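# Examination of the molecular architecture
Residues per chain are reported as follows:
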Amino acid sequence: MSDEPPGPSRDDESSVSSGSDSTSEGPPSDPGGSESDSDGAGSGDHGDEPRESITEGSLIRPLFQLAWPIIVIQLLQVAYNVVDTLYLGRLSADAVGAISLAFPLIFLLVSVAAGFTTAGAILVAQYTGAKGDRSAGLVAGQTVSFVSLLSLVVAVVGFVAARPALELLPTQADTGARIIPLAADYMEIFFVGIPFLFGFFVFSALLRGYGDTRTPMYVMVLSVVANILLDPFLIFGFQNNPLLGVVGLDSLEASLLAATGFTGYGIQGAALATIGARGVASVIGLYMLFYTGVGPTTRVEHLRPDLDFIEDIVRLGIPSMIENSAAALAQITLIGIVVTFAPPVVAAYGLGNRIVSLVFLPAMGLGRAIDTMVGQNLGADRADRATRAVSLATSTAAGVMLLVAVVVVLFAEPILSVFLGDVPNAPETIAFGVEYVRTRSVEFAFIGVTQVLLGAFRGAGNTKTAMVISIITLWVGRVGTVSLLVFGLGWGASGVWVGMAVGNILGVIIGVPWFLRGHWKEAYIDETAPGEPTGVVETTSED
């Protein structure tokens, strides 16, 4: 679930995605698939809304129709972190550093359940491409029940282990005294609310596999608005509340403070706001999946365990879980290196990763779109079309990420300055952050290629291949290089920045030859489409 995850999202491209996903839009109309099909995945539950075929006609159009909502979803995902960072930056630079330390440990446990949402999305995509709507709905129900049970386990383990795990980090004295306790406060609250978060992650992944990335996007918008409104009140209460100050309600704030004495919960308030907002999204998403015509036909009875489907979910999900867990452990290891530096470097690392998480969005969107396109086309026995889709997405991702790199290099300082107010160590933190993101820009095009290739392997059901490439990228390319440069060659903070940039370059060097071997071109499921493929992606009537 990629550097920046579900929950607080992962810091950047090392994530695999356990959570929301992508879409895009594109050129001329598809000759064969603009109308909804009467059976299979597009059945009448969805009315007369036009559809874009994933398994027939134009490749550009369905790729981008799938990808742009995923990009928006991930942008909204990052918005949770950005909003928290903006508000907590007004609280203190230490609070910003604390959530940067908290994330990898949160992701480590979240990834245990998140890997199985990836498996659910793969199976839904392939059954949808093979006209297996009944099977797709059953997979959806099995994924919801299985992941829900795992989320309860994650909540208990995370709450109990959060503070002891943070205390094991080899921190510098100031970091240990000022940042670690804040990170522990945030994590304990966050883990209590984990079950409320997972509903939306499952809903979003399953609908992505089905070919509908717009509906999760709309739900996510509501959730982010709720977070924006909850954050300032739960963090600051009625004392120095930034939102009330911006809208000119200082006198009302003073009155409310006098009446209630409520000064907020600090960093714990940020966790409470995220839990509340995500909980709203989960309730809405699961209601839509089970009680409306959205997505594959899923009923409450599909929650009853079916061992055959659970076996498939586990078989595909375990490599994704290991991949995500390895990514989280890599981030924890890197954090263990970073916290040996002074607080400004720790905060700069966190801020820089927030920026990279934004940069990462186009690559993630295309990678997740390819996940769905490859899955549905292989399910429909269209390996040739799946191959062409991957080639198109790879070239697009590399080109877009090159342009993004130019923008980041030119405007790094003003972008980073937005995230810190007039707080101690702000100038030094920004200076380190600028050096970090400019160094990382060297790998941006490689991020795009790596994400598309990993998405292709996952969509085909080759989650073990994706796992191996991801682990090598992170542990050899990133952790190994950072360790060598910082401890072996004494490069200091610059060693962290340079080492972080090496990972995806290595990923491309390994992933491209592996992809070209072509062993991924077989569907995981046994079913094949008995006629015209019907994989669909939602589009608008003017398309």
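A brief structural summary. (Residues numbered from 1 in each chain as written. Predicted model: local features only at pLDDT ≥ 70, side-chain atom pairs only at ≥ 80, totals over all residues. Heavy atoms only, no water.)

Moving on, we come to the pattern of salt bridges. Applying the stated criterion across every chain, the model contains 12 salt bridges. Here Asp-185 ties to Arg-163 by a salt bridge, and the two come within 2.9 Å at their closest N and O atoms. Remark: Arg-163 occurs in helix α3 (residues 133-167) and Asp-185 occurs in helix α5 (residues 180-192); sequence separation between them is 22 residues. Of the residues examined, Arg-163 reaches a relative accessible area of 27% and is grouped as partly exposed. In this structure, Arg-208 and Asp-371 form a salt bridge, with 3.2 Å as the shortest nitrogen-oxygen distance. Residue Arg-208 is found in helix α6 (residues 194-210), and its partner Asp-371 is found in helix α13 (residues 361-379); the two are separated by 163 residues along the sequence. Asp-371 shares its class with Arg-208; the two are buried. In the salt-bridge network here, residues are joined through shared partners; they are Arg-163, Asp-185 and Glu-188. (Salt bridge = Lys/Arg side-chain N within 4 Å of Asp/Glu carboxyl O. Helix = DSSP H or I, 4+ residues; strand = E, 2+ residues; numbered from the N terminus. Buried < 20%, exposed > 50% of the residue type's maximum accessible area, 1.4 Å probe, protein only.)

Another aspect to go through is the nonpolar core. By size, the foremost hydrophobic cluster in this structure holds 99 residues, and its most contacted members are Tyr-186, Tyr-349 and Val-496. When residues in this core are grouped by element, the largest group, 19 residues, is from helix α2 (residues 93-129). Beyond its immediate chain neighbours, meaning those up to four positions away, Val-496 contacts Val-338, Phe-341, Tyr-349, Val-482 and Val-486. Judged by nonpolar contacts, the second largest core, of 30 residues, contains Leu-59, Ala-67, Val-374 and Val-452. (Core = buried A, V, L, I, M, F, W, Y, C linked by side-chain atoms within 4.5 Å. Contact = heavy atoms within 4.5 Å.)

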